Amino acid sequence: MPDLSPLSLPDAPLRLDLAPAHWIWYPSERTLPNTVVLFRHTIHIPAPLRSANGWIAADSRYLLTIDGRRVQWGPAPADPRRMEVDPLELQRLLTPGDHTIGVTVLYYGGGDGTHPVGKPGFIFTLTTTTATGNSTSLVSDDSWHAHLSTAWPAGNYKRWYLRAFQEMFDARKHPYGWDTNGFTPDGRWVQAMLVDCPPSLPPSCSSYPDYLLDTRATRDGSCLIPRSIPLLREHPVAVERLVEAYTIDWHRPAEEYFDVLPPNAFTATPLTVTGSAAGSWTIALDGTTARALTFALHDQHVGFPFFTIDAPPGTIVELMVQEGHTPGGPALLNTHFHAWARFICAGGVQTFQTLDYEAARWIQLHIRGTAGTVTIRNVGMLRRVFPWPVEPHASVGEPALQRLLDACVNTLYNSTQETAVDGMGRERQQYSGDGAHQLHAAYMTFGEPRPGARFIATFGQGLMLDGYFFDCWPAYDRLARVMERHLDLTPWGPLLDHSVGFGFDIFHHHLYTADAAAVREPFVRYQRFVRYLHRIRQEDGLIPVTNLGTPAVWIDHVAYETGKPLHKQCAFNLYAAAMLRHAFAPVARVLDHTDWADFAEGFAASIIEAAVRAFWSDAEGLFIVNRPWLGAGEAPRLCDRSLATAVIFDQCPGGRNRPAIDALAAPPPHMGISYPANACWRYWALARGGRTDVIIRDFRERWATMPSVIENNTIFENWTAAPDSGDLWSHCAVVPLYLLTQGIAGIRPTAPGFTQCTVRPQPADLADVAVTVPTPQGPIAFACTGTRGERTLRLEVPRGCTADLILDEREQIAFPQAEGPVDGNLRRYRFPSGTPHTLHLRYT
């Protein structure tokens, strides 16, 4: 086996040293979970500025304000050993005069889906340069004032396993105006403490005590780096309407209900609340019962819910959010992993907004605690969205299918932000395997490579000492599961199939972008995983899927019979072999690691040989996932992942793909079918086999009819989802969006950076399909109208991209034929780049 390349930190230009700034914190020797510290400093700007640039970071999250105005929220989720520092560009906000810089820092303390572990700290540096060239700097040091917030009580409990912050905010204890010029700090404000941590390293390296986990990162393996993803855009979205309201008569204390959810805690009675034309709602509190007002956004979004209230002092509002809700269902929306925040009013008119972001279509305000008149207005969400460079252009002529594509786009807005996550309502974690498929849409619908580049960098940093990856990273989940696995308390070890999928993620990023620099470090880390797979291989040549110790194999949760984990071995081995030959080896050759490429190809061939011996039925021309155990009285079982992988990557002996394609097109009862995020494998195989009619039928019958598509403009996590539950109504399964380009329009890169591509249109019975694929060479514009026998294809491919058009061999095409592989009765033509062409097709 080839030698492992050494792991190392990024090159010096990518590492930051923020000296003379210091890491600072509130003077202390212990920081409780969910502690909020306010930092403030004044700055004088003597003259108009040419620039005002700097850096800011905090563990765990910060909110920057200038003169009380919200500026930005961060940082992006990152490995605690490689914190990303956010850039500052404040010229437009710092006009001549005095200004107050305020920073609210939330320290999670406990693990979160967006934050595995860390230590408290805040760092800031800003250099201002006037139009005449005079420069001054402001850095974080002990001249800053710090305030330990009691409005957000330190030490409050976690919301649930993967959400650290159960927000509780008492406005009566908050020093309003603290981040404006007119504020004078009192004795509750103290001189900030310098933290023992170099300004070139993250606070996880500091000597400050981590009293919960007792961690300390090594300094030679850690660094600060510039933020690798743009700051997200934020814009307010108002609720569409008040949907329902209730009077809540409490039988148990309300605080007890929100703490522990006892049964039969309240009785709800429908309440009529009339809104004003100005968008306000007035209710009367009697000091005993509560009022619950449920509002709906038009679509599901991700962001910071807010509301404005005019209420007596001491009025308590629990803000609850939910992804899916049925009016007339549960009166209180505390049905989604304790997704509530509590605000206590100081009296008069106040606006409240959550400090951390949520995923919701439904926002509910539960109001209680005082007697008197309460007026609610300005209910909505400060939505956060990645700054996509182009508007998506993906259209079909059927309203239901167009709504499905629009739902995919909105879902991608929700799931691909700083990280590419499964869903923002439950975990907020980025996974390879199923979760990373959404990046195909980022590349092909938006022409945006930065989420993919950041994904392969940050996920790859979750390499474990044994050689496999945390399958969701940077996140708390599998970090905690490792301990649980050793005590046999969970089936959820780090998932090896997601580590396999990560090899494809690295390959695809290079294929779409030709960015060899971005894949270099992930490739070096991935060598460890290839070695791990080789080390655990069994005597029969197969890689095991059970008795692995800490890690586990998942593949999918609906495609296999419960209690039959060995049935996953066929799919897992074909998947690993495909990755080795078609992903890892090509990247190795790009990076001049021919020894690793040769080794991977040989390893892949041996796995396929073993899988054929164990699982291939020559009589049926299929891989039977339980073939080794049929003598034990089992009936034959198929799975879509095994068959799809074999078709896509030419793993069927003798090229016998047709039986697998037929089975995928009409799945027999004994075939397991993957859940939505993994449905792409079956569809990719069907597209290769010329059966996009099946894909389109599935889109019409199974996807476009999802209640989430119709109600939330989003995609379910599973084929069904219940309202008022923990189910995800906005999940990363945006399969129809990228299958429209890859399968139906048939546009695929075949050389890095789209310098070469193929176009194999397969619109089936769709009479109107149009997509634009932004590529590094320029946009590919595709439009196909009409029906079979009288179809018109309009296609334009940019200069710099050599495109081969693949069509039925009976089509009369004037373009020269091109060399290259084709399936069945197809022919390959060299399409002229740089100018649009219109073709009339009879057999497509």
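Residues numbered from 1 in each chain as written. Predicted model: local features only at pLDDT ≥ 70, side-chain atom pairs only at ≥ 80, totals over all residues. Heavy atoms only, no water.

Peer 1: How would you explain the overall build of the chain if you had to name every residue and give the values?
Peer 2: Regarding its fold elements, the chain presents 15 helices and 37 strands. Since a compact globule built from 844 residues should have a radius of gyration of about 28 Å, the 28 Å found for the chain is in line with a globular shape. Each of the three principal axes of the chain carries a C-alpha extent, and together these read 80 × 60 × 60 Å. For the chain, the residues scored as buried account for 62% of the 844 residues in total. By sequence separation, contacts in the chain at least 24 residues apart represent 74% of the contacts at least 6 residues apart. For the chain, the accessible area works out to roughly 30,100 Å², and carbon and sulfur atoms hold 52% of it. Each charge class in the chain was averaged separately, 71 positive and 85 negative side chains, and the resulting centres sit 2 Å apart. (Helix = DSSP H or I, 4+ residues; strand = E, 2+ residues; numbered from the N terminus. Rg over C-alpha atoms; globule rule 2.2 N^0.38 Å. Buried < 20%, exposed > 50% of the residue type's maximum accessible area, 1.4 Å probe, protein only. Contact = heavy atoms within 4.5 Å. Areas by Shrake-Rupley, 256 points an atom, 1.4 Å probe, with all protein chains shown as cover. Lys, Arg positive; Asp, Glu negative; His and termini not counted. Charge placed at Lys NZ, Arg CZ, Asp CG, Glu CD.)

Peer 1: Let's hear about the packing of helix α12 (residues 679-688) against helix α15 (residues 735-744): which residues, and what values?
Peer 2: At a minimum axis separation of 11 Å, α12 and α15 run at an interaxial angle of 20 degrees. Here α12 is positioned roughly parallel relative to α15, judged by the angle of their axes. Regarding α12 and α15, the two cross each other, and that crossing is right-handed. Facing Cys680, Tyr683, Trp684 and Ala687 of α12, the residues of α15 in contact are Val735, Tyr738, Leu739, Gln742 and Gly743. Looking at the contact of α12 with α15, its residues break down into seven nonpolar, two polar and no charged. (Axes fitted to C-alpha atoms, helices over the stretch in contact; angles between N-to-C directions. Parallel < 35°, antiparallel > 145°, perpendicular 65-115°, else oblique. Left-handed = near helix turned anticlockwise from the far one by under 90°. Nonpolar A, V, L, I, M, F, W, Y, C, P; charged D, E, K, R; others polar.)

Peer 1: Outline the environment of cysteine 732, supporting the account with residue identities and numerical values.
Peer 2: Its place among the elements puts cysteine 732 in the loop between α14 (707-711) and α15. Sequence-wise, cysteine 732 and methionine 320 are 412 residues apart; in three dimensions their C-alpha atoms are separated by 23 Å. When residues no more than four places from it in sequence are discounted, the contact partners of cysteine 732 are Thr411, Ser415, Val421, Asp422, Asp434, Gly435 and Gln438.

Peer 1: Break down the sheet that holds strand β35 (residues 802-808) for me, citing the residues and quoting the values.
Peer 2: Pairing in this open sheet of four strands is mixed, and the strands run β30-β31-β35-β36 from one edge to the other. With partners counted over all chains shown, the strands left at the sheet margins are β30 (747-751) and β36 (826-831), one partner each. With strand direction ignored, the average angle separating the axes of adjacent strands in the sheet is 25 degrees. (Pairing = 2+ DSSP bridges.)

Peer 1: Help me get a handle on the side chain of serine 499, residues and values and all.
Peer 2: Mapped onto the elements of the fold, serine 499 is located in helix α6 (residues 496-513). Excluding its chain neighbours within four sequence positions, the residues that come into contact with serine 499 are Tyr468, Phe469, Tyr526 and Phe529.

Peer 1: Please give an account of the nonpolar core that cites residues and values.
Peer 2: Ranked by internal contacts, the top residues of the largest apolar core, which has 164 residues, are Phe529, Met579, Tyr683, Trp703, Ile747 and Phe782. Among the elements that make up this core, the one with the highest residue count is helix α8 (residues 569-590) (15 residues). Not counting residues up to four positions away in its chain, the partners in contact with tyrosine 683 are Ile695, Asp698, Phe699, Trp703, Trp719, Val735 and Leu739. Leu106, Ala164, Trp189 and Leu365 belong to the second largest nonpolar core, which has 54 residues in total. (Core = buried A, V, L, I, M, F, W, Y, C linked by side-chain atoms within 4.5 Å.)

Peer 1: Could you give an account of the packing of aromatic side chains, with specific residues and numbers?
Peer 2: Throughout the structure, instances matching the rule amount to 63 aromatic pairs. Summarising the aromatic geometry, the rings of tryptophan 73 and phenylalanine 304 are spaced 5.4 Å apart at their centres and angled 65 degrees between planes, so their arrangement reads as edge-to-face. Placement of tryptophan 73 in strand β5 (residues 69-74) and of phenylalanine 304 in strand β19 (residues 290-311) is noted, with a sequence separation of 231 residues between them. Exposure remark for tryptophan 73: the relative accessible area of 6% places this residue in the buried category. Of note, arginine 641 hangs over the ring of tyrosine 575, and the distance from its end group to the ring centre comes to 4.8 Å. (Phe/Tyr/Trp six-rings, centres within 6.5 Å; stacked < 30°, edge-to-face > 60°. Lys NZ or Arg CZ within 6 Å of the ring centre and 35° of its normal.)

Peer 1: Account for the sheet that holds β5, with residues named and values stated.
Peer 2: One open sheet accounts for six strands, arranged β5-β4-β7-β2-β10-β12; its pairing is antiparallel. A strand with exactly one partner marks an edge of an open sheet, and here the two such strands are β5 and β12 (189-191). The mean angle between the axes of side-by-side strands here comes to 25 degrees, regardless of whether they run parallel or antiparallel.

Peer 1: Quick one: what's the story with the pattern of salt bridges, residue by residue and with numbers?
Peer 2: Counted under the stated rule, the structure contains 45 salt bridges. Through salt bridges with shared partners, one network takes in Asp471, Asp477, Arg478, Arg481 and Glu484. (Salt bridge = Lys/Arg side-chain N within 4 Å of Asp/Glu carboxyl O.)

Peer 1: Please provide a residue-by-residue account of the pairing of β35, values included.
Peer 2: For β35, the buried fraction is high: six of the seven residues fall into the buried class. Across four bridges, strand β31 (residues 756-759) lies against β35 in parallel orientation. Residue valine 759 lies in a different strand from β35, and its bridge partner there is leucine 805.

Peer 1: An account of helix α11 (residues 658-665) is needed here, citing residue identities and associated values.
Peer 2: Inspection of α11 places Ala660, Ile661, Ala663, Leu664 and Ala665 among the buried residues, and these make up the whole buried set. Contacts made by the buried residues of α11 are with β27 (622-623), α10 (640-648), β29 (671-672), α12 and α13 (692-703).

Peer 1: Tell me about the side chain of threonine 247, and name the residues and values.
Peer 2: Locating threonine 247 in the fold gives a position in strand β16 (residues 241-250). Among the residues examined, threonine 247 registers a relative accessible area of 17% and is labelled buried. Ignoring any residue separated from it by four or fewer positions in sequence, one finds threonine 247 in contact with Thr267, Ala268, Thr269, Leu271, Thr289, Ala290 and Arg291.

Peer 1: Report on the packing of α12 against α13, specifying residues and quantitative values.
Peer 2: α13 packs onto α12 with a crossing angle of 145 degrees between their chain directions and a minimal axis gap of 8 Å. Judged by residue contacts, Ala679, Arg682, Tyr683, Leu686 and Ala687 of α12 engage Thr692, Val694, Ile695, Asp698, Phe699 and Trp703 from α13. Looking at the contact of α12 with α13 residue by residue, the classes come out as eight nonpolar, one polar and two charged.

Peer 1: Run through unusual backbone geometry, naming residues and quoting values.
Peer 2: Put simply, alanine 19 and proline 20 share a cis peptide bond, and its omega is 10 degrees. Take proline 20: it is sitting in the segment before β1 (24-25). Between tryptophan 473 and the following residue, proline 474, the backbone shows a cis peptide bond with an omega angle of 0 degrees. The backbone phi angle of asparagine 34 is positive, close to 55 degrees, even though this residue is not glycine. If you trace the backbone, asparagine 34 turns up in the loop between β1 and β2 (35-45). Unlike most non-glycine residues, aspartate 592 shows phi in positive territory, near 65 degrees. Along the polypeptide, aspartate 592 turns up in the loop between α8 and α9 (594-615).

Peer 1: Summarise α15; cite the residues concerned and give the values.
Peer 2: Most of α15 is tucked away, with ten of its ten residues classed as buried. Those residues of α15 that fall on the buried side of the exposure criterion are Val735, Pro736, Leu737, Tyr738, Leu739, Leu740, Thr741, Gln742, Gly743 and Ile744. Positive backbone phi, at 70 degrees, marks glycine 746, one or two positions downstream of α15.

Peer 1: Provide a residue-level description of the environment of threonine 308, including the pertinent values.
Peer 2: Structurally, threonine 308 can be placed in strand β19. A relative accessible area of 2% means that threonine 308 is categorised as buried. Taking the C-alpha atoms as reference, threonine 308 lies 28 Å from proline 387; in sequence the two are 79 residues apart. Those residues in contact with threonine 308 that sit more than four places away from it in its chain are Val349, Gln350, Thr351, Thr375, Ile376, Arg377 and Asn378.

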